[in-house]
Amino acid sequence: MNSRAYRSLEGVLRHDRGLVGIVVKKIHDLWREYSSKACETRLKIMDFCGTHEWTITHYGIRSLLPGGIELVAGPGCPVCVTPSHYVEELIKLALDGVIVYTYGDTYKLRSHVEVRGARSLSDVRALGADVRVVPDILTAARDVAGHGKLSVFCGIGFETVAPGYAQAILRRHLPRNLKILSLVKLTPPAMFYSLEVSREKPTEPPIMGVIAPGHVSTITGAKAWEPVAENYEIPIVVSGFEPLDVLISVLEILKQLTRGEHKVTIEYVRTVTWSGDLTAQRNISRVFDVVDDAWRGIGFLPKSGLRLRDKYAEYDAFRELGVKELSAGNWRHDMPSGCKCAEVVLGKAYPSQCPMFLKACTPQRPVGPCMVSSEGTCAIWAKYGSRDLLLRLARELRLVKEGG
Ligand code: SF4
């Protein structure tokens, strides 16, 4: 498809209200059919990725759905799931004179404990340390080449960022004095875990469908989700990020549930393929080892992280700068007291169920990690969630009917 065709497709996905009306009506029709056939009054669908949660909340998509369909956010925000321990280690490095390069949203991420008077990289900068916000690792590399001082890049993210880090190393774009703290996480183990815990509480309906991350799937391919769909016998739809993409994905999940199917379907066909980006996958395997990794608020998930291989040890902040690794033995609960982020990232609670939401915890003064990044569920709800919050309140007060 040429670029003009892509642009007109994006236009339809953004602006075609007629099409939105048709899809919403079909969702309501199918919900009636499914709920009466399956004798269900509630259906939980997880939108795994922070950008999907943004689309859903920003455009008020929950308010278009039948009241029985609940869209719950997942752990797809890398800032939210980065353990406090690594923020603490970066603070120490910065205070010891290492220049720290970070993405903007990690800059404000708060550590669980104070380290020499600081709780975040923005705090240490205020204390006089050198912390620089960059959009990517190559910008950091160019900057380091200019000053030549010992530096570290905070490499958080999911499968989408790993190919960039791998390329930078393989093509020798990194100066020797720039080390990477690889905190890259792999998303399929977290999806398995989220689905497992959703089945633990008999009083709550389990998650019966997943809107899978579109950007991650461009790298991994939709095939990455097949074991999840087979294991839990649920539909998984790899979705784009326009409102209509999300609505079509909800419709596809309902269609499959009504027919008793559980397949992986690609809705985001303009970008995602079944096999994904094979070159990127090869480069990731050349540069990184897959390790068990810690997720903030969750704990250790098997084979869910990437660390640099021995061959690239010279770039590795763990080995070269003495950054301590977390292990199952030294991992500790790292959420602020009263913060419900651990439940929010697993779709077990909505931000509005946290007593600190928009009281003690706001985007200007975040307490928990989900309020920091633009992909954090609490930050998204704080900025755009008023329509959904009002609708929930109206339903609770019986001002509108369930499903209305
Ligand atoms: Fe955590 Fe703040 Fe969200 Fe509460 S509102 S769950 S404290 S981030």
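Refer to the structure above for everything that follows.
My aim in this report is to walk through the structure given alongside it, one point at a time. (Residues numbered from 1 in each chain as written. Predicted model: local features only at pLDDT ≥ 70, side-chain atom pairs only at ≥ 80, totals over all residues.)

**Some points on the overall build of the chain**
Of regular secondary structure, the chain possesses 17 helices and 11 strands. Radius of gyration (C-alpha) of the chain: 22 Å, near the 22 Å computed for a compact globule of 404 residues. Structurally, the chain occupies a C-alpha span of about 65 × 50 × 40 Å along its principal axes. By the burial criterion, 47% of the 404 residues in the chain qualify as buried. Expressed as a percentage of contacts within the chain between residues at least 6 apart in sequence, the contacts between residues at least 24 apart total 75%. (Helix = DSSP H or I, 4+ residues; strand = E, 2+ residues; numbered from the N terminus. Rg over C-alpha atoms; globule rule 2.2 N^0.38 Å. Buried ≥ 20, exposed ≤ 12 C-beta atoms within 10 Å, placed from the backbone. Contact = placed C-beta atoms within 7 Å.)

**Quick notes on the sheet that holds strand S7 (residues 207-212)**
With parallel pairing, the 5 strands of this open sheet are ordered in space as S2-S1-S7-S8-S9. In this open sheet, the two strands that pair with only one neighbour each are strand S2 (69-76) and strand S9 (264-266). Each strand of the sheet is rotated relative to its neighbour by a mean of 25°, with strand direction disregarded. Looking at chain direction, S7 and strand S8 (residues 236-238) are connected through 3 bridges and run parallel. Paired with Ala-212 across the bridge in S8 is Val-238. Relative to S7, helix H12 (residues 243-259) is tilted by about 145°, and along the sheet it contacts strand S1 (43-49), S7, S8 and S9. (Pairing = 2+ DSSP bridges. Axes fitted to C-alpha atoms, helices over the stretch in contact; angles between N-to-C directions.)

**Digging into the site of the ligand**
In the neighbourhood of the ligand, 14 residues make up the surrounding shell, with Cys-339, Cys-354, Cys-361, Gly-368 and Cys-378 lying closest. Counted by class, the shell around the ligand contains 12 nonpolar, 1 polar and 1 charged residues. (Near = placed C-beta within 6 Å. Nonpolar A, V, L, I, M, F, W, Y, C, P; charged D, E, K, R; others polar.)

**A few points about the packing of helix H7 (residues 137-147) against helix H8 (residues 162-170)**
Taken N-terminus to C-terminus, the directions of H7 and H8 make an angle of 35°; their axes are 10 Å apart at the nearest point. Across from Ile-137, Leu-138 and Ala-141 in H7, the residues of H8 making contact are Gly-164, Tyr-165 and Ala-168. Here the residues of the contact of H7 with H8 sort into 5 nonpolar, 1 polar and no charged.

**Topic: the pairing of strand S3 (residues 99-102)**
If a strand is regular, its side chains alternate between the two faces of the sheet. Where burial is concerned, the two faces of S3 agree: the one with Ile-99 and Tyr-101 and the one with Val-100 and Thr-102 are both buried. Across 3 bridges, the pairing between S3 and strand S5 (residues 151-157) is parallel. Along S5, the bridge assignment pairs Ile-99 with Ser-151.

**Some remarks on the sheet that holds strand S6 (residues 178-184)**
Strands sit in the order S4-S3-S5-S6 across an open sheet of 4 strands; the sheet is parallel. The sheet is open, and its two edges are formed by strand S4 (131-133) and S6, each paired on a single side. Sheet twist, expressed as the mean angle between neighbouring strand axes with direction ignored, is 20°. Inspection of the sheet shows S5 paired to S6 by 7 bridges, in the parallel sense. Residue pairing for S6: Ser-151 is matched across the bridge by Leu-178.

**Concerning the packing of helix H3 (residues 50-58) against helix H16 (residues 377-384)**
For any two helices packed against each other, the geometry is given by the interaxial angle and the distance between the axes. Close contact between H3 and H16 brings their axes to 9 Å; oriented N to C, the two are set at 20°. Comparing their axes, H16 and H3 come out roughly parallel. Relative to H16, the crossing made by H3 is right-handed. Of the residues in H16, those touching H3 at Glu-53, Trp-54, Thr-57 and His-58 are Thr-377, Ile-380, Trp-381 and Tyr-384. Looking at the contact of H3 with H16 residue by residue, the classes come out as 4 nonpolar, 3 polar and 1 charged. (Parallel < 35°, antiparallel > 145°, perpendicular 65-115°, else oblique. Left-handed = near helix turned anticlockwise from the far one by under 90°.)

**A closer look at the pairing of S5**
Among the 7 residues in S5, 7 count as buried, and that is most of the element. Residues Ser-151, Phe-153, Gly-155 and Gly-157 of S5 are buried on one face, and the alternating residues Val-152, Cys-154 and Ile-156, pointing to the opposite face, are buried as well. Regarding topology, H8 serves as the crossover connection from S5 to the parallel S6, and that connection is right-handed. (Right-handed = clockwise from strand over helix to strand, strands pointing away.)

**Some words on the nonpolar core**
Among soluble globular proteins, nonpolar side chains are generally buried collectively. Membership of the largest hydrophobic core comes to 120 residues, with the highest contact counts inside it found for Ile-45, Leu-90 and Val-100. Here Val-100 is in contact with Leu-90, Leu-93, Ala-94, Leu-121, Val-131, Val-152 and Cys-154, once residues within four sequence places are set aside. (Core = buried A, V, L, I, M, F, W, Y, C linked by C-beta atoms within 7 Å.)

**Quick look at the environment of Val-100**
With respect to the helices and strands, Val-100 occurs in strand S3. Distance from Val-100 to Cys-370, taken between C-alpha atoms, is 22 Å for residues 270 residues apart in sequence.

**Some details on H12**
Its 17 residues give H12 an end-to-end C-alpha distance of 25 Å, which sits within 8% of 24 Å, the value for a rise of 1.5 Å per residue. With 14 of its 17 residues buried, H12 lies for the most part within the structure. In the segment just after H12, Gly-260 is the residue with positive phi, at about 75°. (Expected span 1.5 Å × (residues − 1).)

**Some points on unusual backbone geometry**
At Cys-39, a residue that is not glycine, the phi angle is positive and equals roughly 55°. Note on placement: Cys-39 falls in the loop between helix H2 (17-38) and S1. For Cys-39, a count of 6 C-beta atoms within 10 Å corresponds to the exposed category. Phi is positive for Leu-358, which is not a glycine, with a value near 60°. In this structure Leu-358 comes out as partly exposed when scored by C-beta crowding, with 16 C-beta atoms within 10 Å.

**Overview of the environment of Arg-365**
In this structure, Arg-365 sits in the loop between helix H15 (341-344) and H16. With 10 C-beta atoms packed within 10 Å, Arg-365 lands in the exposed category. Distance from Arg-365 to Met-335, taken between C-alpha atoms, is 16 Å for residues 30 residues apart in sequence.

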